[in-house]
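Summary of the model geometry
Here's the letter readout for the chains.
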Amino acid sequence: MRRLRFAIIGSGMAGILAAIRLREAGHDDVTVFEKADRLGGTWRENTYPGIACDVPSYVYSYSFEPNPDWSHRFSPGGEIQRYFEGVADRYGVTPLVRFSEEVTSLEWRDGAWDLRTSQGAEERFDVVIAATGVLHHPNIPHFEGLETFRGAAFHSARWDHDVPLDGRRVGVIGTGSTAVQIATALIPRVERFTLFQRTAQWVIRVDNPEITDAEKERYRTDPAKLESVRAQLASAFRDAFSAAVIDADSPGIKAVEDQCRRNLEDSVVDPVLREKLRPNYRAACKRLIASPDFYEKIQEPNAVLATEAIERIEPEGVRTADGTLHELDVLVLATGFKPDRFVRPTRVVGVDGVDLDDAWRTRPNAYLSVSVPGFPNLFLLNGPNGPVGNFSLIEVAEMQMAYVMQLVDVLAEERARSVAASAEASAAFEAERREAAMRTIWVTGCRSWYLDDEGIPASWTFTFQRFTDEMRAPKLDHYVLTS
Ligand code: NAP
């Protein structure tokens, strides 16, 4: 077996997974580069009040590390962060991580990657796995006067925990999953909570019960029971939702719409507020919001739903187009992320000096979300065009990593020195993917981060079953192998 040197970029959920799988397969030269001083990825970055994962916890866990101790059906972010830290420790991943060391550039030269870091290191690696996350770089829109605001202002992924919240006037811009989780957590705590809504969102009601000690004990003593709950939830979640979103005419999507509409009608009493909260596009066109109690909370007397456009930000608060000044002590931008970055801003230069920035000039794409033509031995986990949205990205990353391991075997067994998707296979996949996109719910008339510069969803637009099938084994004739 050829001894390969592996670099993994990022120590979030996917980076930890990659390190575990490589080591299990007997690869002992694995380095994880992490620009921050702690692992955990999105769960390290996002610490806003109310943060939780709206994918059921028994599904949002590694298949090989089921956790009988989840506190809730949808557990809070801090608990998820501790879960990842625990797994990384147990599997010996933490000592492989070089913290506070950002990969600044990768250059493919003479059959290997020259990697440079922010610490000035220059090293060669045979294989690079980019586990750099999907939604990582905050989107901070321009708001006139933001710098004049006298209170505290920050993005939801840069929460300033030194800023007091209790009994104060807090405003949040945005109505995505993040804003909704913040709203439900803060409305009971603050004097006044103002939610600045540009677009109303469909909200599906999901209950979030605590897991009782008896249940945890049952899962601890009977791992088969835990596995069966996980399998059941995973398939219900996948089969019902993934089939629905890729077919805008499916009965599944209509059932989701009915549930959302019923939630709105049954929960919001004031007809004026109800209409303000009613979206004018189809449910799940934007990423569906799941919440046990958003509608209850937004009807509290200290909650304000501001639907007029934001005109500017002033020292005392936010001025909306109707002339109202919404006075605030704290302003949170829950304005989402730049969804097209992936491994960038790391500079990546592939075969013949082609820069990834140029290869992705029109838009980022990757064959089956894993490999980019002209960038050999570089594998992406949760890269462009993968299943994102209301799915467990852990399940997605596990399948991708199992696929990548088979490409790694090709290199380790010296069947090739390098491997990258062929331009033809990649173009055919992209054409088919874009065509399938036109049948999905995501193109039925809304603005969302799923859509690329041409309004086409950048995600996996086929069935989840097709993803599972594709990930089972690479078709090597879709790859360029060099010896
Ligand atoms: P998001 O879904 O992209 O929402 C951003 C919000 O900011 C939208 O409401 C958007 O309005 C608003 N906005 C952006 N620019 C604005 C402007 N200039 N003026 C006014 N409003 C503006 O971001 P997010 O809520 O952070 O969520 C991002 C993704 O992270 C989610 O879709 C989900 O995939 C993931 N997430 C998951 C969980 C979970 O529990 N699993 C929790 C949080 C986030 P428009 O709608 O009008 O564009």
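The following refers to the structure shown. (Residues numbered from 1 in each chain as written. Predicted model: local features only at pLDDT ≥ 70, side-chain atom pairs only at ≥ 80, totals over all residues. Heavy atoms only, no water.)

1. Focus on helix 4 (residues 177–186)
The condition is simple: Burial classes follow relative accessibility: with a 1.4 Å probe on protein chains only, a residue under 20% of its type's maximum area counts as buried, one over 50% as exposed, and anything between as partly exposed. We count a stretch as a helix when DSSP gives it H or I for four or more residues in a row; a strand needs E for two or more, and each element gets its number in order from the N terminus. Any two residues having at least one pair of non-hydrogen atoms within 4.5 Å are treated as being in contact.
Buried residues dominate helix 4, accounting for eight of its ten residues. Among the residues making up helix 4, those that are buried are T178, A179, V180, Q181, I182, A183, T184 and L186. Where the residues of helix 4 are buried, they touch strand 10 (169–173), strand 11 (192–196), strand 13 (289–291), helix 9 (294–298) and strand 18 (330–333).

2. A look at the pairing of strand 11
Defined as follows: Pairing between two strands requires that DSSP report at least two bridges joining them. By definition, the crossover connecting two strands over a helix is right-handed if that path, from the first strand to the second, turns clockwise as seen with the strands pointing away from the viewer.
Of all five residues in strand 11, four are buried, a share of seventy percent or more. Strand direction decides the pairing type here: strand 10 and strand 11, joined by five bridges, are parallel. Bridge pairing in strand 11 places R169 opposite R192. Once the chain exits strand 10 it traverses helix 4 before rejoining the sheet at strand 11, and the crossover so formed is right-handed. Two strands pair when backbone bridges link them, and strand 11 and strand 14 (residues 303–306) are joined in this way by four bridges, in the parallel orientation. Its bridge partner lying in strand 14, F196 is registered against A306.

3. So, the environment of S118
Note on placement: S118 falls in the loop between strand 5 (112–117) and strand 6 (122–125). Under the relative-accessibility criterion, S118 is labelled partly exposed at 43%. Taking the C-alpha atoms as reference points, S118 and E101, 17 residues apart in sequence, are found 5.7 Å from one another.

4. Quick notes on the packing of helix 11 (residues 393–412) against helix 13 (residues 464–472)
Where we set the bar: Axis definition: a line fitted to C-alpha atoms, limited for helices to the stretch in contact. Angles are taken between N-to-C directions and run from 0 to 180 degrees. Working rule for angles: under 35 degrees goes down as roughly parallel, over 145 as roughly antiparallel, 65 to 115 as roughly perpendicular, anything else as oblique. Under the convention adopted here, Pro, Cys and the residues Ala, Val, Leu, Ile, Met, Phe, Trp and Tyr are nonpolar, Asp, Glu, Lys and Arg are charged, and Gly plus all remaining residues are polar.
Orientation of helix 11 relative to helix 13, taken along the N-to-C sense of each, is 25 degrees, at an axis distance of 8 Å. It follows from the interaxial angle that helix 11 and helix 13 lie roughly parallel. Along the contact surface, helix 11 presents E395, V396, M399, Q400, Y403 and Q406, while helix 13 presents F464, F467, T468, E470, M471 and R472. In the contact of helix 11 with helix 13, the residues fall into six nonpolar, three polar and three charged.

5. Structural notes on unusual backbone geometry
Here R344 and P345 are connected by a cis peptide whose omega angle stands at 20 degrees. With respect to the helices and strands, P345 occurs in the loop between strand 19 (337–338) and strand 20 (347–349). Unlike most non-glycine residues, N382 shows phi in positive territory, near 50 degrees. Mapping N382 onto the fold places it in the loop between strand 21 (378–380) and helix 11. Even without glycine at this site, E414 takes up a positive phi of about 60 degrees. The topology assignment puts E414 in the loop between helix 11 and strand 22 (418–421). Look at E414 and you get exposed, because its relative accessible area is 54%.

6. Brief notes about the side chain of S75
One can find S75 in the loop between helix 2 (42–45) and helix 3 (77–90). Each residue touching S75, except ones within four places of it in the same chain, is listed here: A52, C53, S57, W70 and I80.

7. Details of the site of the ligand
Here is the rule we go by: A cutoff of 4 Å decides nearness: a residue is near a molecule or strand if any of its heavy atoms lies inside that distance of it. Polar contact is the term for a pair of N or O atoms within 3.5 Å; when the atoms are in protein, one must be able to donate a hydrogen and the other to accept it, and sequence-neighboring residues count only if both atoms are side-chain atoms. All accessibility values rest on the Shrake-Rupley procedure with a 1.4 Å probe; residue burial counts only the protein chains present in the view. Domain extents, as shown, originate in an automatic or database domain assignment.
The environment of the ligand is formed by 24 residues, the closest being T175, T178, T199, K286 and W449. Measuring from an oxygen atom of the ligand, one finds a backbone N or O atom of A52 at 3.0 Å. Taking K286, its side chain carries an N or O atom lying 2.6 Å from an oxygen atom of the ligand. In isolation the ligand exposes 910 Å². Once the protein is present, 85% of that is buried. Sort the elements by how many residues they give to the shell around the ligand and helix 4 lands first, with three residues. Among the residues making up the shell around the ligand, the classes are represented as ten nonpolar, nine polar and five charged. Each of two domains, domain 1 (6–137 + 338–482) and domain 2 (146–208 + 230–333), supplies a minimum of three residues to the shell around the ligand.

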